[in-house]
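Architecture and fold: a report
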Amino acid sequence: MARAPWGCYPWLVLLCACAWGRPKSLDLREDVRNCSISPPYLPVTVVNTTAQLTALRQQMHTQNVSAYIVPDTDAHMSEYIGDYDKRRAWITGFTGSAGIAVVTMGKAALWTDSRYWTQAERQMDCNWELHKEVGTTPVVTWLLTEIPVGGRVGFDPFLFSISMFFPQSLRLSTPTREIQPQ
Ligand SMILES: *[C@@H]1O[C@H](CO)[C@@H](O)[C@H](O)[C@H]1NC(C)=O
Ligand SMILES: *[C@@H]1O[C@H](CO)[C@@H](O)[C@H](O)[C@H]1NC(C)=O
Ligand SMILES: *[C@@H]1O[C@H](CO)[C@@H](O)[C@H](O)[C@H]1NC(C)=O
């Protein structure tokens, strides 16, 4: 009879442990970047992509393109690709299997689906905007607002299938932007 209160004791300990270890609210998280504070908060998992972006923008300047598209696939449209083909991971720092990057002279943006939002916030530095959208339409819409009319968009034609040939939709847009295989 008298032991009843103490029977609860292990549960009490467990409850306390759970309360102690509960996830912190988003603004206190230390495993994801926070670009809205100055200086930005960057966890150790973030890759500094400043040098990569500078190198790409130098090439873009030489080739006179306003934007360059970096997809997540290889020339065989593989979902899982060899290290040699990890262009998107190199330029963004984000290593998830799905996600498309676009670099302009002033901005850099990644589109990926909900599976990867947290991973992207852990791996990308504040050079990168994260767009939580999928498909090519949001990318094209963004490009049309970011690049001037008549501006040129660079891409590697080996990395786009005919069916997913979304640079095409830029050409079909009005007013048109020029598509420039690199
Ligand atoms: C970034 O930090 C500010 C100030 O502490 C906070 O209000 C905001 O919610 C944080 N954002 C993220 C994504 O953690
Ligand atoms: C990132 O690297 C560049 C040089 O490539 C350096 O100037 C810059 O301070 C670095 N940024 C951070 C946040 O460490
Ligand atoms: C660069 O591209 C623009 C279109 O965006 C064009 O008007 C201009 O003539 C090009 N400049 C050179 C040097 O090719």
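Just so we're clear, the structure is a prediction, and the values are computed from it rather than from any experiment. (Residues numbered from 1 in each chain as written. Chains lettered and ligands numbered in written order. Predicted model: local features only at pLDDT ≥ 70, side-chain atom pairs only at ≥ 80, totals over all residues. Heavy atoms only, no water.)

Describing the state of the cysteines
What the rule picks out here adds up to one disulfide. The residue that forms a disulfide with Cys35 is Cys126, at a sulfur-sulfur distance of 2.0 Å. Taking the torsion about the S-S bond as the criterion, the Cys35 to Cys126 disulfide, at about -90°, is left-handed. With Cys35 in the loop between helix H2 (9-20) and helix H3 (50-63) and Cys126 in the loop between helix H5 (117-123) and strand E4 (129-131), this residue pair connects regions lying 91 residues apart in the sequence. (Disulfide = S-S within 2.5 Å. Helix = DSSP H or I, 4+ residues; strand = E, 2+ residues; numbered from the N terminus.)

Let's talk about the nonpolar core
By size, the foremost hydrophobic cluster in this structure holds 18 residues, and its most contacted members are Ile91, Val103, Leu110, Met124 and Trp128. Of all the secondary structure elements, the ones that give two or more residues to this core are H3, strand E1 (67-70), strand E2 (100-104) and strand E3 (108-111). For this core, the element with the highest residue contribution is H3, accounting for three residues. Other than its neighbours up to four places away in sequence, Trp128 contacts Arg33, Thr49, Leu53, Ile91, Thr92, Ala101, Val102, Val103, Ala108, Ala109 and Leu110. Counting 14 residues, the second-largest nonpolar core is a separate cluster that includes Trp111, Val139, Val153 and Phe155. (Core = buried A, V, L, I, M, F, W, Y, C linked by side-chain atoms within 4.5 Å. Buried < 20%, exposed > 50% of the residue type's maximum accessible area, 1.4 Å probe, protein only. Contact = heavy atoms within 4.5 Å.)

Things to note about the environment of Trp142
Structurally, the position occupied by Trp142 is in helix H6 (residues 137-146). Since its relative accessible area comes to 9%, Trp142 is described here as buried. For the pair Trp142 and Val102, spaced 40 residues apart in the sequence, the C-alpha separation amounts to 9.6 Å. Setting aside residues up to four positions removed in sequence, Trp142 forms contacts with Val102, Thr104, Lys107, Ala109, Trp111, Glu129 and His131.

Thoughts on the site of ligand 3
Taken together, Asn64, Gly150 and Gly151 make up all the residues around ligand 3. Here an oxygen atom of ligand 3 and a side-chain polar atom of Asn64 are 2.4 Å apart. Gly150 has a polar backbone atom sitting 3.3 Å from an oxygen atom of ligand 3. Contact with the protein chains covers 32% of the free accessible surface of ligand 3, which is 360 Å². (Near = heavy atom within 4 Å. Polar contact = N/O pair within 3.5 Å; in protein donor to acceptor, adjacent residues only side chain to side chain. Areas by Shrake-Rupley, 256 points an atom, 1.4 Å probe, with all protein chains shown as cover.)

Re the pairing of E1
Taken residue by residue, a regular strand's side chains alternate between the two faces of the sheet. Burial along E1 is two-sided: the face carrying Ala67 and Ile69 and the face carrying Tyr68 and Val70 are both buried. Looking at chain direction, E1 and E2 are connected through four bridges and run antiparallel. Residue pairing across strands places Val70 opposite Ala101, the latter belonging to E2. Examined bridge by bridge, E1 and strand E5 (residues 152-155) share two bridges and lie parallel to one another. Across the sheet, residue Tyr68 finds its bridge partner in E5, namely Gly154. (Pairing = 2+ DSSP bridges.)

Some thoughts on the packing of aromatic side chains
Here the structure, examined in full by the defined rule, presents three aromatic pairs. Considering the side-chain rings of Phe94 and Tyr116, the 5.6 Å spacing of their centres and the 75° angle between planes classify their relative orientation as edge-to-face. With Phe94 in the loop between helix H4 (87-92) and E2 and Tyr116 in the loop between E3 and H5, the pair connects residues that are 22 residues apart, well separated along the chain. Tyr116 shares its class with Phe94; the two are buried. (Phe/Tyr/Trp six-rings, centres within 6.5 Å; stacked < 30°, edge-to-face > 60°.)

Observations regarding unusual backbone geometry
Omega for the peptide link from Ser38 to Pro39 comes to -5°, which places this bond in the cis form. Note that Pro39 resides in the loop between H2 and H3. Here Asn64, not a glycine, exhibits a phi torsion of approximately 60°, which is positive. Taking relative accessible area as the criterion, Asn64 reaches 54% and is therefore assigned exposed. If you check the backbone angles, Met77 has positive phi at about 60° while not being a glycine.

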